Amino acid sequence: MFISLKALFTPLFLCLLVCVALNVLLRFPAVRFGLVDVPGGRKQHTGHIPLIGGVSIVLAFAFGILLLDMPYSRYAPLFAGMLLLLACGMIDDMRDMRSTTKLLIQTLTALLMMIWGGLVVDDLGAIPGLSEGLGIWGYVFTLVTVVGLINAINMMDGVDGLAGGVVLGSMFWLGVLAALSGQLITTLLVLTLAVSILGFMFFNIRHPWRRRASVFLGDAGSLVLGFALAWFAVEISQGREGAISPFAVAWLLALPVVDTISLMFRRLCGGCSPFKADREHLHHLLQRVGFMPGSVSFMLVGANFFIGGIGVAGAWLGLPDLMLCLGLLVLVVGHTWFVTHGWKRLKVLHLLHERRRQHAVPGGGARSRTLISGRFR
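What you are looking at is a predicted structure, and each value in this text was computed from that prediction instead of being measured. In this numbering scheme, every chain counts its residues from 1 along its sequence in written order. Where totals are concerned, whole chains, interfaces and linings use all residues; where local detail is concerned, this predicted model gives features only for residues with pLDDT of at least 70, and gives and counts side-chain atom pairs only at 80 or more. For the side-chain quantities, the full set of heavy atoms in the structure was used; hydrogens and water were omitted.

Caption draft 1: Quick look at the packing of helix α7 (residues 162-180) against helix α12 (residues 293-317). Between α7 and α12, whose axes approach to 9 Å, the crossing angle comes to 15 degrees. Between α7 and α12, the crossing angle belongs to the class labelled roughly parallel. Like other packed secondary-structure pairs, α7 and α12 cross with a definite hand, here right-handed. Residue-level contacts link Leu162, Gly165, Val166, Gly169, Ser170, Phe172, Trp173, Val176, Leu177 and Leu180 of α7 to Ser297, Leu300, Val301, Asn304, Phe305, Gly308, Gly309, Val312, Ala315 and Trp316 of α12. Asp, Glu, Lys and Arg are counted as charged, while Ala, Val, Leu, Ile, Met, Phe, Trp, Tyr, Cys and Pro are counted as nonpolar; the rest, among them Gly, fall into the polar class. Taken together, the residues of the contact of α7 with α12 sort by class into 13 nonpolar, seven polar and no charged. Fitted lines through C-alpha atoms serve as axes, helices being fitted only where they are in contact, and the angles separating the N-to-C directions of these axes extend from 0 to 180 degrees. Numbering goes from the N terminus for both helices and strands, where a helix is a DSSP run of H or I of at least four residues and a strand is a run of E of at least two. Geometric relationships in this document are graded by angle, where less than 35 degrees denotes roughly parallel, more than 145 denotes roughly antiparallel, 65 to 115 denotes roughly perpendicular, and other angles denote oblique. Rotating anticlockwise by less than a right angle from the far helix to the near helix defines a left-handed crossing, while the corresponding clockwise rotation defines a right-handed one. In this description, contact between two residues means that some pair of their heavy atoms is separated by no more than 4.5 Å.

Next up, the structure:
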């Protein structure tokens, strides 16, 4: 099956326009029915922000795939799982849902993916002791991986543009890997979803013409995108049409996964529930250092894109799985050092830089002190 770039451009462009239009048109209904994020507690934004990002992305994605010539029945479990998580997230956005209920629904979507979709992680690459396959343990590993990735993306949704930007970057690299392995249908689906996310990002990311997000992703969006990432990652690494090294794919998901595992471990060590919300994520620590939210998103989205590029380069160059695995371990060690010690040292350097600016700019002392003390109130 072959499709020209010219033939692909039209449906993708229409998909982008639909997502942009939905983010504009759904604002009033969202406010009318209470699908908004209210500031307070850990939520430090200003005003009631519509939580329509997830709805807009899913509807635009649905519109886009209807324009493609593809075997819809093959991806029915993906669509069913996305709709189930979308409904779950919307209910949670409007009225908080119990964490056990959400976990049960996430588990159900993972089972849909494994039993109905037939996507199970069995091959972990050419690693000594793992090359024989996981067997029945593959189902356990897949379940934990899917539910974990869903929650990892959900937990990253704490700064304007961060979760959407991270998923967009990972989707881009997944599309590249799918194309490299000859999985055309998967490539088209990934591109369509990526374009839908891009339409949402116009309203969510901070830039010189937008000081803060006008639309949020919401749990509905983060849960759906986490599941979609898990589906495509497993399909590309264990796919029917040609597999990419699972460790190369793992690089595309490394940042949100490592940050979530690290945070849960720190919570457990502190005697707290691993699912208890707090402000100890990597993006929170960077804000504590003194970086503005827009800068934090830019740095982490860029870091995620760079890390994903390493995985794609590894797959392209045919690096051994053991080398890719050891590289991931180095990444884990670096992240662990930063969240335990590094951010504090970076904070000192940032404060010294602010003080130099204070003395270098006439009349800038009061303004600098105000920025440092009141930036995150």
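Caption draft 2: Looking closely at the packing of aromatic side chains. Two aromatic rings, drawn from Phe, Tyr or Trp (for Trp, its six-membered ring), form a pair once their centres lie within 6.5 Å of each other, and the interplanar angle then sorts them: stacked below 30 degrees, edge-to-face above 60, tilted otherwise. For the structure on display, the rule yields six aromatic pairs. With a centroid separation of 5.0 Å and an interplanar angle of 70 degrees, the aromatic rings of Phe172 and Trp173 are classed as edge-to-face. In this structure Phe172 comes out as partly exposed when scored by relative accessible area, which is 42%. Cluster of aromatic residues (ring-pair linked, three or more members): Tyr75, Phe227 and Trp231. Here the term buried applies to any residue with accessible area under 20% of the maximum for its type, exposed to any over 50%, and partly exposed to those in between, with areas from a 1.4 Å probe on protein chains only.

Caption draft 3: Structural detail: the nonpolar core. In this structure, Met171, Leu174, Leu193, Phe227 and Phe232 are the most contacted members of the largest nonpolar core, which totals 87 residues. With 13 residues, helix α9 (residues 218-238) is the single largest residue contributor to this core. Those residues in contact with Met171 that sit more than four places away from it in its chain are Val190, Leu193, Ala194, Ile197, Ala228, Leu229 and Phe232. We define the nonpolar core as a collection of buried residues of types Ala, Val, Leu, Ile, Met, Phe, Trp, Tyr and Cys that are connected through side-chain atoms lying within 4.5 Å of one another.

Caption draft 4: How the structure looks around the environment of Thr10. Mapping Thr10 onto the fold places it in helix α1 (residues 5-25). Here the alpha-carbon distance between Thr10 and Gly64, two residues 54 residues apart in the chain, equals 9.8 Å.

Caption draft 5: Seen up close, helix α5 (residues 99-116). Compared with an ideal rise of 1.5 Å per residue, which puts 18 residues at 26 Å, α5 spans 25 Å between its outermost C-alpha atoms and is within 8% of the ideal. Within the sequence span of α5, burial applies to Lys102, Ile105, Gln106, Thr109, Ala110, Met113 and Met114. Its buried side turned inward, α5 meets α4 (76-94), α6 (137-156) and α9. What a helix should span is 1.5 Å times the count of its residues minus one.

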